[in-house]
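Inside the fold
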Amino acid sequence: MFHSYAAIGDSFTEGVGDDLPDGTQRGWADFVALGLAQAAREPIGYANLAIRGRKLGPIVEEQLETAIALRPEVISFNGGGNDMLRPSMPEERVADQFRAAVHRIREEGIHVLMLSGANPTDHLPLGKVFDARGARLTEKLRDLATLDGVTFVDNFSDRGLRDIRYWSPDKLHLNALGHARVASNVLTALGVPVPPEWGVEEVAAAPAGPRSRNTAAYYREFVLPWIGRRLTGRSSGDGRTAKRATLLPVEP
């Protein structure tokens, strides 16, 4: 039972795609914090330092020590998705950075919740290339799951999560249903009950969504702006700060 939790990562952990009416993002990590509070039957502390667009190096450099300094009982760590989408990916360097971060958290006696990201590649241009990179990175790091103090949640290999029903219109970020399913995967791995009112099992039992098609409008609205940011060295996270920089209470 954890009573304090900090999350680090990129848009996946920030909650992009699970947009609330006020323009803020919720996401799976927020759901996990709520599940932990409900299981504890008392408030828990929760911080989310994740910022969209971050590659793994900046996640480690900017967020890791800040999260450790908060002294939470558990830190969730995910990254590498933005590295994977670049024209070339230094796979060994990314794996080494990830591995070192996991060991750094363990050195402090903090439980590591290690996640692979959800796999969007069924719906993306050049999806097979990115799928192969993600599969190789996941396998390179799988041995970390055997370490004491590490819980590994392999969302990348969750075949059901690839269904288009779980993805936002950009087909790169999960929607609210997808984030709820990831949170369900996390809580299940931790041995924490998944609140039935989330409806995760009902959604999973429903028929699969239609096959995804990438239209000209899709390329204009999502792909071309993404390419433009890459060419100009910009990121969707430029100028953004953590949405929850300190351990604030989450009520059950």
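First, a word on scope: everything that follows refers to the structure included in this document. Because the structure is predicted, anything quoted here is derived from the model rather than measured. (Residues numbered from 1 in each chain as written. Predicted model: local features only at pLDDT ≥ 70, side-chain atom pairs only at ≥ 80, totals over all residues. Heavy atoms only, no water.)

Running from N to C, helix α2 (residues 28–40) and helix α7 (residues 176–190) cross one another at 45°; their axes reach a closest spacing of 8 Å. Comparing their axes, α7 and α2 come out oblique. In this structure, α2 crosses over α7, and the sense of that crossing is right-handed. Counting all contacts with α2, which are made through W28, F31, V32, G35 and L36, the residues of α7 involved are A176, H179, A180, V182, A183, V186, L187 and L190. Split by residue class, the contact of α2 with α7 holds 11 nonpolar, two polar and no charged. (Axes fitted to C-alpha atoms, helices over the stretch in contact; angles between N-to-C directions. Helix = DSSP H or I, 4+ residues; strand = E, 2+ residues; numbered from the N terminus. Parallel < 35°, antiparallel > 145°, perpendicular 65-115°, else oblique. Left-handed = near helix turned anticlockwise from the far one by under 90°. Contact = heavy atoms within 4.5 Å. Nonpolar A, V, L, I, M, F, W, Y, C, P; charged D, E, K, R; others polar.)

We now examine the sheet that holds strand β2 (residues 44–48). If you walk across this open sheet you meet the six strands as β5-β4-β3-β1-β2-β6, and the pairing is mixed. Bordering the open sheet on either side are β5 (150–154) and β6 (244–250), each of which pairs with just one other strand. Across the sheet, the axes of successive neighbouring strands diverge by a mean angle of 20°, strand direction being ignored. Note that strand β1 (residues 4–8) and strand β3 (residues 74–77) share four bridges and pair parallel. Bridge pairing links A7 to S76 in β3. On the sheet, helix α5 (residues 91–107) packs against β3, β4 (111–116) and β5 and is oriented at approximately 155° with respect to β4. Each of β4 and β5 touches α7; the most contacted strand, β5, lies at about 145° to it. (Pairing = 2+ DSSP bridges.)

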